[in-house]
Amino acid sequence: MRKLFLVLFYAFCGLLLAISINLLISTNVWLEMRIHERLVLEIGIGLGIVLSFFRNSASIALFFVLQSTMFLICFWLSKMDLIYYSLRNFYLDGIAISSIKIVFLTCLSLMNLLMIYHLFGKKLTCFSKFS
Amino acid sequence: MKKTVAFLAAIALLFSACQKKDETSATKDISVNGVSLAAPMKIDESTKTITVLAAVNGKYLTENTRHAVVFKEGKFGDKPVFTAYQNQNDFLKAMLYLNAVAGNNMTKENGATTQVEGQKVAVSVTWNGAPKSYDINEVIIDSNHRAIDMRFGGNEINAKEMNTGCIACLDSCPVGVISNHSYMYGAVEKRDEVTFRGNAALLPKDGTLVAVSFKLI
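In this numbering scheme, every chain counts its residues from 1 along its sequence in written order. Think of it this way: whatever chain is written first is A, whatever ligand is written first is 1, and the rest follow in order. For this predicted model, a pLDDT threshold of at least 70 governs which residues receive local features, and a threshold of 80 or more governs which side-chain atom pairs are given and counted, while totals over whole chains, interfaces and linings are taken from all residues.

Here's the deal with the overall build of chain B
- Summing up its helical and strand segments, chain B has four helices and 14 strands in all.
- Buried residues are those with 20 or more other C-beta atoms within 10 Å of their own C-beta, exposed residues have 12 or fewer, and partly exposed residues lie in between; C-beta atoms are placed from the backbone. Here chain B holds 217 residues, and 46% of them are scored as buried.
- Look at the contacts in chain B between residues 6 or more apart in sequence, and 65% of them connect residues 24 or more apart. A run of DSSP states H or I qualifies as a helix once it reaches four residues; a run of E qualifies as a strand once it reaches two. Both are numbered from the N-terminal end. By the convention adopted here, residues make contact when the C-beta atoms placed from their backbones lie within 7 Å.

Notes on the overall build of chain A
- Across its full length, chain A holds six helices and zero strands.
- In sequence order, chain A lays out its α and β elements as α-α-α-α-α-α.
- For chain A, the C-alpha radius of gyration of 15 Å lies close to 14 Å, the compact-globule estimate for 131 residues.
- Out of the 131 residues belonging to chain A, those deemed buried represent 37%.
- A sequence separation of at least 24 residues applies to 73% of the contacts in chain A between residues at least 6 apart. Taken over C-alpha atoms, the radius of gyration is set against a globule rule of 2.2 Å times the number of residues to the power 0.38.

Considerations on the pairing of strand β7 (residues 121–126) of chain B
- Sheet topology note: the β7 of chain B/strand β14 (residues 209–216) of chain B ladder contains six bridges and is antiparallel. The residue of β14 of chain B that forms the bridge with Val125 of chain B is Val212 of chain B. Here, any two strands with at least 2 DSSP bridges between them count as paired.

Points about unusual backbone geometry
All names here are of chain B.
- Positive phi is not limited to glycine here, since Asn155 has a value of about 60 degrees.
- Of note, Asn155 is situated in the loop between β10 (150–152) and α4 (156–162).
- The residue Asp192 is not glycine, and still its phi comes out positive at about 50 degrees.
- Mapped onto the elements of the fold, Asp192 is located in the loop between β12 (178–180) and β13 (196–198).
- By the C-beta count within 10 Å, which is 13 here, Asp192 ends up partly exposed.

Comments concerning the packing of helix α1 (residues 2–25) of chain A against helix α4 (residues 60–77) of chain A
Residues and elements named next belong to chain A.
- Their axes nearest at 9 Å, the elements α1 and α4 cross at an angle of 20 degrees. It follows that α1 is roughly parallel to α4 by the angle criterion. Considering only the axes of α1 and α4, their crossing is left-handed. For the pair α1 and α4, the contacting residues are Cys13, Leu16, Leu17, Ile19, Ser20, Leu23 and Leu24 in the first and Leu62, Phe63, Leu66, Gln67, Thr69, Met70, Ile73, Cys74 and Leu77 in the second.
- Across the contact of α1 with α4, the residue classes tally to 13 nonpolar, three polar and no charged. Axes here mean lines fitted to C-alpha atoms, for a helix over just the part in contact, with angles spanning 0 to 180 degrees between N-to-C directions. Roughly parallel here means an angle under 35 degrees, roughly antiparallel means over 145, roughly perpendicular means 65 to 115, and every remaining angle is called oblique. Left-handed describes a crossing in which the near helix is turned anticlockwise from the far one by less than a right angle; the clockwise case is right-handed. Amino acids are sorted into nonpolar (Ala, Val, Leu, Ile, Met, Phe, Trp, Tyr, Cys and Pro), charged (Asp, Glu, Lys and Arg) and polar (every other residue, Gly among them).

Here we look at the pairing of strand β11 (residues 166–169) of chain B
All names here are of chain B.
- Two elements, strand β5 (residues 67–71) and β11, share three bridges in a ladder whose sense is antiparallel. By the bridge assignment for β11, Val69 is matched with Ala168.
- Inspection of the sheet shows β11 paired to β12 by two bridges, in the parallel sense. Note on β12: the bridge partner recorded for Ala168 is Ile178.

A short note on the packing of α1 of chain A against helix α3 (residues 37–52) of chain A
Residues and elements named next belong to chain A.
- Put simply, α1 and α3 touch, their axes get as near as 7 Å, and they point 145 degrees apart. With respect to the hand of their crossing, α1 and α3 are arranged in right-handed fashion. Along its contact with α1, which presents Leu6, Val7, Tyr10, Ala11, Cys13, Gly14, Leu15, Leu17, Ala18, Ile21 and Asn22, the element α3 presents Glu37, Val40, Leu41, Ile43, Gly44, Ile45, Leu47, Gly48, Ile49, Leu51 and Ser52.
- By residue class, the composition of the contact of α1 with α3 is 16 nonpolar, five polar and one charged.

Details of the environment of Ser133 of chain B
All names here are of chain B.
- Tracing the chain through its elements places Ser133 in the loop between β7 and β8 (134–135).
- Along the backbone, Ser133 and Ser213 are 80 residues apart, and their C-alpha atoms lie at a distance of 9.0 Å.
- When residues no more than four places from it in sequence are discounted, the contact partners of Ser133 are Ser124, Val125, Thr126 and Ser213.

Description of α4 of chain A
Residues and elements named next belong to chain A.
- To estimate how far a helix should reach, multiply one less than its number of residues by 1.5 Å. With 18 residues, α4 should cover 26 Å at 1.5 Å per step; its first-to-last C-alpha distance of 26 Å lies within 8% of that length.
- Listed as buried for α4 are Ile60, Phe63, Leu66, Met70 and Ile73.
- Those residues of α4 hidden inside the fold are in contact with α1 and α6 (97–120).

Quick word on the environment of Cys169 of chain B
Residue and element names in this part refer to chain B.
- Assignment of secondary structure puts Cys169 in strand β11.
- Classification of Cys169 as buried rests on a count of 31 C-beta atoms within 10 Å.
- When the C-alpha positions of Cys169 and Thr65 are compared, they lie 9.3 Å apart, and in sequence the two are 104 residues distant.
- When sequence neighbours within four positions are dropped, the list of residues in contact with Cys169 reads Arg66, His67, Ala68, Gly176, Ser179 and Asn180.

Quick word on α3 of chain A
Residue and element names in this part refer to chain A.
- Compared with an ideal rise of 1.5 Å per residue, which puts 16 residues at 22 Å, α3 spans 23 Å between its outermost C-alpha atoms and is within 8% of the ideal.
- Residues Glu37, Val40, Leu41, Gly44, Gly48 and Ser52 constitute the buried set of α3. Each buried residue of α3 sits inside an arc of 110 degrees when the element is viewed along its axis, so together they form one side.
- For α3, the secondary structure elements touched by its buried residues are α1 and α5 (82–88). Think of it as the arc spanned by the lines of direction from the helix axis to the C-beta atoms.

The following block contains the structure:
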């Protein structure tokens, strides 16, 4: 169970990293036309899963850094909606952008709440110390 | 630990529930200007018009692209303003069936210095609830305000071999079946001469089915 959690956690971190990379790619039309968002997400999630096999706990610091990076890039480029289009191109064709937005932000919010609960409330064994 | 796993399972369920809802939507039965998911292409010999079903890609209502209409399962199926449900090869056959004259003058080598030739094609877009059929110059914005001049480039071999799915490109193209005579290949991607994006003020929201008509003139 713990391993499954770590795999999912780091896969999600990989997803955040891949979204950030896709946002940066979108600033160059030559790259944007050639690199498929799906591929970047596959590599990001794959790297996350591989990383999970070398870690014994979920790194809260890593999650917050990747999340902050993603949002900072979004705000700098004013491309908030591109997050959801990136996700849609990851085998979610046919799903409304509004649905993807709700699910993604719900996941992100719950992850944050879980970590806040760990940091300020009961310590969850699967998470690392905030370092 | 169990609670955490239950939480993650709930997220997975949320995703799957979301997917089911959208897959079972009523879009399968929708017909737009005579085309539908069951019959995504219509050929009208009397008016020399081919109509193709497509969906609006909301991403390119704000982002720059060189692809106007691309088959959804082609290599560039995620890059156009309009994602077509009809493949480029059958579309090209339909053009030839209507005796359209292909330019076939574009190659990768001469692309940067050549404008696509071939019979002129008037491209228009409409959707259910639209007050009229809009010309491509109304639904796609050229940053230079130069008119989009679509030509039947042909490119049968490249279209098949490269399988990009390209039906209509926004600069002259050695692969796309139809492309824009107004700009040479590389104008968008390499030389930054122009940017193209869908007209968000006019087009319906992302995912809306539209009928794209190609009329030989």
